[in-house]
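Below are the chains, spelled out letter by letter.
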Amino acid sequence: MKAIAVRVGDWQPHAGQRVAVLVPCFNEEATIGNVVADFRAALPGATIYVYDNNSADRTGDVARAAGALVRRERHQGKGNVVRRMFADIDADLYVLVDGDATYDGQDEAAYRLGHRTGNRLLRGFFALAFHATFSDILSGYRVFSRRFVKSFPVLSRGFEIETELCVHALELELPVAEVPTPYYARPQGSVSKLSTWRDGLQILLTIVDLYRSERPLAFFSALGIALAVVSVGLAVPIFVTYFEQGIVPRIPTAILSTGLMLLASLSIVAGLVLDTVTRGRREAKLIAYLEQAAPGEQWDRRQG
């Protein structure tokens with residue numbers, strides 16, 4: 001089983017570019033020291049930030065001893081931590097990685113059966129909804145430009161942040177690339193914080209909600225068509241009876257059919273209105289993205 005990420009060991013930034021390694025952590029005392037040490041070796045010029053998310057163990061102390069800058073985020077959840085990181089830290093390139101030491105090694109036991117199945121189902125639903133070809137939408141190992149980070153309005157609170165990152169890149173049609181990197185089991189004494197069913201359901205609901213907000217015309221039109229089909233199905237027998245006998249014997253059914261058709265019409269109109277709003281939001285995010293200098297331009301300006 002392989003996670004999809006950008007392997008830092010195969011990539012080096014230009015001299016003078018500021019690189020920030022962002023490590024959100026919750027009770028990762030057993031692993032965070034190795035994570036910090038590995039990135040210090042791979043990217044000696046980078047600044048490593050560890051954000052302690054209310055850990056009950058010595059995560060912060062171990063990270064600090066390993067050479068990381070340690071900060072705290074009291075609002076629980078990975079999405080809340082990433083929001084704080086993106087807002088606080090100024091750099092040219094950002095490397096986001098989990099603090100569980102599960103990347104750059106290989107062990108089939110790393111992915112439980114429930115996680116593998118859930119990942120496939122979520123990936124398939126995501127591809128269907130957004131016409132995307134990502135191999136892994138839940139990877140916790142990513143590299144971003146400053147443009148991406150400073151134009152990304154983080155809305156998620158928990159593990160669904162990975163899905164939101166993918167949608168942001170898709171909606172702005174940003175250049176993206178996936179590089180396979182091995183993924184292995186947590187070291188002894190380290191416990192996963194991810195719940196297969198609870199977090200999987202939350203991610204699924206997030207995909208649906210993002211589809212509603214980013215593809216409102218398709219979402220509400222599909223809802224309107226479904227309501228219209230039910231309405232017509234209820235109305236056909238009533239019309240048949242009326243033309244044959246000249247009476248309308250099922251008044252409540254007729255009222256229900258009329259109401260459903262009205263709801264269908266309102267749903268489609270809502271989709272048209274919200275589609276215009278979504279286009280405006282997308283344009284605003286694109287403008288925010290373009291306001292930031294590209295990574296190469298930032299480096300050239302400093303060299304000049």
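Look a little higher up for the structure.
A quick note: this is a predicted structure, and the numbers were derived from the prediction, not measured. (Residues numbered from 1 in each chain as written. Predicted model: local features only at pLDDT ≥ 70, side-chain atom pairs only at ≥ 80, totals over all residues. Heavy atoms only, no water.)

S.K.: An account of the overall build of the chain is needed here, citing residue identities and associated values.
M.R.: A count of helical and extended segments in the chain gives 10 helices and seven strands. Here the chain holds 304 residues, and the buried ones make up 44% of them. Looking at the chain alone, contacts between residues at least 24 apart form 78% of all its contacts between residues at least 6 apart. As presented, the chain carries roughly 15800 Å² of accessible surface, and 60% of it is formed by carbon and sulfur atoms. (Helix = DSSP H or I, 4+ residues; strand = E, 2+ residues; numbered from the N terminus. Buried < 20%, exposed > 50% of the residue type's maximum accessible area, 1.4 Å probe, protein only. Contact = heavy atoms within 4.5 Å. Areas by Shrake-Rupley, 256 points an atom, 1.4 Å probe, with all protein chains shown as cover.)

S.K.: I'd like a rundown of the pairing of strand β4 (residues 69-72), residues and numbers included.
M.R.: Judged from the four bridges that link them, strand β3 (residues 47-52) and β4 form a sheet pairing that is parallel. Opposite Y51, over in β4, you have R71 as the bridge partner. Chirality of the crossover, the property in question, places the unit of β3, helix α2 (residues 59-66) and β4 among those that are right-handed. (Pairing = 2+ DSSP bridges. Right-handed = clockwise from strand over helix to strand, strands pointing away.)

S.K.: Summarise helix α9 (residues 251-291); cite the residues concerned and give the values.
M.R.: An ideal rise of 1.5 Å per residue puts 60 Å on 41 residues; α9 measures up with 60 Å between its terminal C-alpha atoms. Of the residues making up α9, those classed as buried are S257, L260, A264, S267, G271, D275, T278, K285 and Y289. (Expected span 1.5 Å × (residues − 1).)

S.K.: Please set out the environment of R58 residue by residue, giving values where relevant.
M.R.: Position of R58 among the secondary structure elements: in the loop between β3 and α2. Judged by relative accessible area, R58 falls into the partly exposed class, the value being 45%. Counting along the chain gives 31 residues from R58 to N27, while the straight-line C-alpha distance between them is 7.6 Å.

S.K.: Any chance you could break down the pairing of strand β2 (residues 19-25) for me, citing the residues and the numbers?
M.R.: Counting buried residues in β2 gives seven out of seven residues, a clear majority hidden from the surface. Because side chains alternate across β2, one face comprises the buried residues V19, V21, V23 and C25, and the other comprises A20, L22 and P24, equally buried. Across four bridges, β2 lies against strand β5 (residues 93-96) in parallel orientation. Each bridged residue has a counterpart across the sheet, and for V19 the counterpart in β5 is L93. You can see the chain leave β2, run along helix α1 (residues 32-42) and come back into β3, and the turn it takes is right-handed.

S.K.: So what's going on with the pattern of salt bridges? Which residues, and what values?
M.R.: Per the counting criterion, the structure on display carries 17 salt bridges. With a shortest N-O distance of 3.0 Å, R18 and D90 are connected by a salt bridge. Within this pair, whereas R18 is found in the loop between β1 (2-5) and β2, its partner D90 is found in the loop between α3 (78-88) and β5, the two being separated by 72 residues in sequence. For R18, a relative accessible area of 32% gives the class partly exposed. (Salt bridge = Lys/Arg side-chain N within 4 Å of Asp/Glu carboxyl O.)

S.K.: Tell me about unusual backbone geometry, and please be specific about residues and values.
M.R.: Glycine aside, the phi torsion of most residues is negative, and most peptide linkages are trans. Positioned with a positive phi, N27 is a non-glycine residue whose angle comes to about 55 degrees. Tracing the sequence through the fold places N27 in the loop between β2 and α1. Even without being glycine, N54 reaches a positive phi, approximately 65 degrees. Mapped onto the elements, N54 comes out in the loop between β3 and α2.

S.K.: Explain the sheet that holds β3 residue by residue, including any values.
M.R.: The five strands are arranged β4-β3-β2-β5-β6 in an open sheet whose pairing can be described as mixed. The open sheet has two edge strands, β4 and β6 (142-145), and neither has a second partner. Across the sheet, the mean angle from the axis of one strand to that of its neighbour is 25 degrees, orientation sign disregarded. Across the sheet, α2 touches β2, β3 and β4, and the angle it forms with β4 is around 155 degrees. Along the sheet, α3 contacts β2, β3, β4, β5 and β6; its crossing angle with β2, the most-contacted strand, is approximately 155 degrees. (Axes fitted to C-alpha atoms, helices over the stretch in contact; angles between N-to-C directions.)

S.K.: Lay out a nonpolar patch on the surface in plain terms, naming residues and giving numbers.
M.R.: A contiguous nonpolar surface patch, about 640 Å² in accessible area, is contributed by F239, Y242, F243, V248, I251 and I255. Those elements that place two or more of their residues in the nonpolar patch are α8 (216-245) and α9. Here the nonpolar patch takes three residues from α8, the largest share from any one element. Tracing the sequence through the fold places F239 in helix α8. Since its relative accessible area comes to 49%, F239 is described here as partly exposed. (Patch = residues over 30% accessible without salt bridge, like charges linked within 9 Å, V, L, I, M, F, W, Y side chains within 5 Å.)

S.K.: Go over the packing of aromatic side chains, please, and point to the residues and values.
M.R.: A complete count under the given rule lists 13 aromatic pairs for this structure. Aromatic pair F86 and F144: ring centres 5.7 Å apart, planes at 80 degrees, arrangement edge-to-face. Of this pair, F86 sits in helix α3 while F144 sits in strand β6, and the two are 58 residues apart along the sequence. Judged on exposure class, the residue F86 and its partner F144 are both buried. Among the aromatic residues, ring-to-ring pairing joins F126, F130, F134, Y211, F219 and F220 into one connected group. (Phe/Tyr/Trp six-rings, centres within 6.5 Å; stacked < 30°, edge-to-face > 60°.)

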